[in-house]
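Residues per chain are reported as follows:
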Amino acid sequence: MLDPQAQALMNLMIEKGIPPVYTQTPVEARAAYRARRSFTQPDAPEVGRVQDLQFSHAGVSIAVRVYHPTEAGQALPALVYLHGGGWTIGDLDTHDVLCRSLCQQAGGVVVSVDYRMGPEHKFPAAYEDAVAAWQWVASQSEALAIDPARIAIGGDSAGGNLSAAACLGLRDLGHKPVMQLLIYPSTLMAPDTDSYRNNGQGYMLTRESMAWYSGNYLRGPQDTLDWRASPQLATSHANLPPALVLTAGFDPLRDEGLLYADALSRAGVPAQYICFERQIHGFITMGRVMQEANTAVALCAQALRTAWKQG
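Bear in mind the structure is a predicted one, so any value in this text is a computation, not a measurement.

S.K.: Got a minute to help me understand the pattern of salt bridges in this structure?
M.R.: A side chain with one charge may pair with a side chain of the opposite charge, provided their charged atoms come close. With the rule as written, the count across this model stands at 16 salt bridges. One salt bridge connects R150 with D147, and the closest N-O pair in it is separated by 2.8 Å. Salt bridges here are not isolated pairs; linked through shared partners, they connect D52, R65, D93, D96 and R100.

If you want it as structure tokens, here you go:
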């Protein structure tokens, strides 16, 4: 059955007449996403220090938010975090609480990336920003008080997609994050899976919404076959970072996460796969109204601590 707390949230959204994302403009959808966070997200935990910075690559300026668990001290491991939102919505503020929680609970630096999004910036802009962000963090490790040998990458939904793709691109450039944290990632831009068919209506993220998101992001149908957009389609998944893949049972993207974890395992990459069977897409940021969200955050933090220790 569906988690009763997830069901209650969906009932409330229907009762309040919240319009589906695909009926809104990107600007309207972004504002609505920001506005909802105060209702569903926990209070922001305290961390040692927060910095808003920028970096540039290929003539593009990208904002980042850097969370330090302590005020000062020795070089710490880090996570480069890419927010969810269908490559269209979401920003540093919508994922501020999650990044603070991971920073506090894992005990490492978290660098949240405000990558370029569609429809203003089409594929592969977000992918290029994800790769550049990891490279920038590695290059600035001394200034950021980060251990350059222990930098992970991760994200939720679209951010999980970008993290998986970035690991493939970084591998080919001779770099390897210490871990990839993939939270209900999109790994196929043209999915034909049981979960896509069975969960595509009635569980928050719908087929219409997914078409809206991908339409905003991609330049055309040919992009669905590009591994930078559909990391499942990469010719090889060997020599990639160890992964934790989290999915939700009532999520249309559930099977994409499972398929990707299996692809990593077949290629000899250590991959853990955990499905929150009674949950919906997007739940990990909803800890004020769903207890399992807080459990999922704690799992992610534990996996990061382990990877950093081994790294």
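S.K.: Hey, could you run me through the confidence of the model for the chain in this one?
M.R.: If pLDDT is low for a region, its predicted coordinates should not be looked at in detail. Taken residue by residue, the chain gives an average pLDDT of 97. The fraction at 70 or more is 100%. Ranking the elements of the chain by mean pLDDT puts helix α2 (residues 26-40) last with 94 and strand β6 (residues 180-183) first with 99.

S.K.: Is there a simple way to think about the packing of aromatic side chains in this case?
M.R.: Aromatic ring pairs are reported here in terms of the distance separating the ring centres and the angle at which the planes meet. Using the criterion set out here, one finds eight aromatic pairs in the structure. Look at W87 and Y217: their rings are 4.9 Å apart centre to centre, the planes differ by 0°, and that puts the pair in the stacked class. Pair noted here: W87 is in the loop between β3 (76-82) and α3 (96-106) and Y217 is in helix α8 (residues 207-217), with a separation of 130 residues, a long-range link. Y217 gets classed as buried once you look at its relative accessible area, which sits at 1%. A centroid spacing of 5.9 Å and a plane angle of 90° characterise the contact between Y127 and W227, whose relative ring orientation is edge-to-face. Here Y127, found in helix α4 (residues 125-139), pairs with W227, found in the loop between α8 and β7 (243-248); they are 100 residues apart in sequence, far enough to count as distant. According to the relative accessible area criterion, Y127 is buried, its value standing at 9%. A relative accessible area of 28% means that W227 is categorised as partly exposed. An aromatic cluster is built from W87, F123 and Y217, whose rings are joined through pairwise contacts.

S.K.: Looking at this structure, I do not really get the environment of L79. What am I missing?
M.R.: Within the secondary structure, L79 is located in strand β3. Assessed through its relative accessible area of 0%, L79 is described here as buried. As for L79 and L205, which are separated by 126 residues in sequence, their C-alpha atoms are 27 Å apart. Among residues more than four places away in sequence, those in contact with L79 are L102, V109, V110, V111, A152, I153, G154, L304 and W308.

Cut-offs used in this document
- Residues numbered from 1 in each chain as written.
- Predicted model: local features only at pLDDT ≥ 70, side-chain atom pairs only at ≥ 80, totals over all residues.
- Heavy atoms only, no water.
- Salt bridge = Lys/Arg side-chain N within 4 Å of Asp/Glu carboxyl O.
- pLDDT = per-residue confidence, 0-100.
- Helix = DSSP H or I, 4+ residues; strand = E, 2+ residues; numbered from the N terminus.
- Phe/Tyr/Trp six-rings, centres within 6.5 Å; stacked < 30°, edge-to-face > 60°.
- Buried < 20%, exposed > 50% of the residue type's maximum accessible area, 1.4 Å probe, protein only.
- Contact = heavy atoms within 4.5 Å.

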